[in-house]
Amino acid sequence: MQILELCGPELAPYLDRLGQLRITVFAEYPYLYEGSLDSEREYLSSYLTSPQSLVALVLHHEAVVGATTCLPMLDEQPAFQQPFIQARYDLASLCYFGESVLLPPYRGQGLSHEFFRRREAHARRLGAKHTTFCAVDRPQDHPSRPPDYRPLDALWQRQGYVKHPELKATFSWKEPHHPTETQKQLTFWLKELPTTP
């Protein structure tokens, strides 16, 4: 396996492969996302146009099997920025972590920790004081929750992240067997970034 770090327009040759990976992984619970490459291209455009973005791709025999992304919050879409504006955060102090996605055969090999390490190193280079990401809220008794599902909260806490229930955003996407998009609430997790690793 190889990890390839890309910034801004360097992502272009891999855009559709990253979009397809996101569609595949986020189809799983808890996101249950029924996406399309057109919507992925629109979402990922922020990473293409931001010269300070970072996309780290895990390649295995040229196939994109994992990825993680981040960029300055100032370069994110307004829907991500708004909760922090309302809470009076300085957007210039924030680096937003978009996603970490891995196909099932590549999980449990330490790549999640490596993803956090690389993104936090990039955030330090940008001069960010905080790093943040958001995760979808699902009830414990959600009918699609697999019996063996394990939330990632413990992993995120070990990485130093704290859940902030006062920082929430609402996004809409289509789920399988639903005729239209429905709104979902996501809660942000936040970490004060040390000046040294």
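In this numbering scheme, every chain counts its residues from 1 along its sequence in written order. Side-chain atom pairs in this predicted model are given and counted only at pLDDT of 80 or more, local residue features only at pLDDT of at least 70, and totals for whole chains, interfaces and linings cover all residues. As a rule here, side-chain values cover all heavy atoms of the structure and leave hydrogens and water aside.

Enquirer: Please explain the pattern of salt bridges as it appears in this structure.
Expert: Side chains that differ in charge, positive against negative, can pair when their charged atoms come close. In the sections that follow, a salt bridge refers to a side-chain nitrogen of Lys or Arg positioned within 4 Å of a carboxyl oxygen of Asp or Glu. In the structure shown here, the tally under the stated rule is 13 salt bridges. We note a salt bridge from Glu-40 to Arg-22, for which the minimum N-O separation is 2.4 Å. Note that Glu-40 is positioned in helix H2 (residues 37-49) and Arg-22 in helix H1 (residues 15-26), a separation of 18 residues in sequence. With a 1.4 Å probe rolled over the protein chains alone, any residue whose accessible area is under 20% of its type maximum counts as buried; one over 50% counts as exposed, and the rest are partly exposed. Overall, Arg-22 belongs to the buried group, its relative accessible area being 7%. What you see here is one network of salt bridges that share partners, running through Glu-5, Glu-114, Arg-117 and Arg-118. Runs of E in the DSSP output that reach at least two residues are strands. Runs of H or I that reach at least four are helices, and both are numbered from the N terminus.

Enquirer: Mind showing me how you'd approach the environment of Lys-163 here?
Expert: Here Lys-163 lies in strand S6 (residues 162-173). The spatial distance from the C-alpha of Lys-163 to the C-alpha of Cys-134 is 9.0 Å, given a sequence separation of 29 residues.

Enquirer: What should I look at first to understand the sheet that holds S6 in this one?
Expert: Within a sheet, each strand pairs with its neighbour through backbone hydrogen bonds, oriented either parallel or antiparallel. Following DSSP output, two strands are said to pair if at least two bridges run between them. With mixed pairing, the seven strands of this open sheet are ordered in space as S1-S2-S3-S4-S5-S7-S6. Every other strand in the sheet has two partners, leaving strand S1 (2-6) and S6 as the edge strands with one partner each. Strand-to-strand twist across the sheet, computed as the mean angle between neighbouring axes with direction ignored, equals 25 degrees. Both strand S5 (residues 130-136) and strand S7 (residues 182-192) contribute to a ladder of seven bridges, which runs antiparallel. Bridge pairing in S7 places His-130 opposite Glu-192. Only heavy atoms matter for contacts: two residues are in contact if any of them lie within 4.5 Å across the pair. What counts as an axis is a line fitted to C-alpha atoms, over the stretch in contact for a helix, and the angles between N-to-C directions run from 0 to 180 degrees. Taken strand by strand, H2 contacts strand S2 (54-60), strand S3 (63-72) and strand S4 (94-102), and its axis lies near 125 degrees from that of S4. Where helix H4 (residues 111-126) meets the sheet, it contacts S1, S2, S3, S4, S5 and S7, and its direction lies at approximately 155 degrees from that of S4.

Enquirer: When you look at the packing of aromatic side chains in this model, what are you seeing that I'm missing?
Expert: To describe a pair of aromatic rings, you give the distance between the ring centres and the angle between the ring planes. Each aromatic pair joins two rings of Phe, Tyr and Trp (for Trp, the six-membered one) with centres within 6.5 Å, and gets the label stacked for planes under 30 degrees apart, edge-to-face for over 60, and tilted for any other angle. Per the stated rule, a full pass over the model turns up 17 aromatic pairs. Consider the rings of Phe-97 and Tyr-161, whose centres lie 6.4 Å apart with planes at 55 degrees: the pair is tilted. Highlighted residues: Phe-97 in strand S4 and Tyr-161 in the loop between helix H5 (153-158) and S6, separated in sequence by 64 residues. Of the two residues, Phe-97 and Tyr-161, neither departs from the other in class, the shared state being buried. Of the aromatic side chains, those joined through ring pairs into one cluster are Phe-80, Phe-84, Tyr-89, Tyr-96, Phe-171 and Phe-188.

Enquirer: Just to check I follow, could you spell out the pairing of S3 for this structure?
Expert: Two faces make up the sheet, and in a regular strand the side chains alternate between them. Counting buried positions over the ten residues of S3 gives nine, a clear majority of the element. Bridge analysis of S2 against S3 gives seven bridges, and the strand direction is antiparallel. Of the residues in S3, the one forming a bridge with Leu-59 is Val-64. If you look at the hairpin formed by S2 and S3, you'll find two residues sitting between the two strands, and His-61 has a positive phi there, around 50 degrees. Pairing between S3 and S4: six bridges, direction antiparallel.

Enquirer: Whenever I open this one, the pairing of S4 confuses me. Can you help?
Expert: Of all nine residues in S4, eight are buried; the element is thus mostly enclosed. In this sheet, S5 lies alongside S4 in parallel orientation, the contact comprising three bridges. Opposite Leu-94, over in S5, you have His-130 as the bridge partner. Orienting the strands away from the viewer, one traces the path from the first strand over the helix to the second; a clockwise path indicates a right-handed crossover. Crossover handedness for the path S4 to H4 to S5: right-handed.

Enquirer: Looking at this model, I keep getting lost on the environment of His-177. Mind explaining?
Expert: One can find His-177 in the loop between S6 and S7. Judged by its relative accessible area of 83%, His-177 is exposed.

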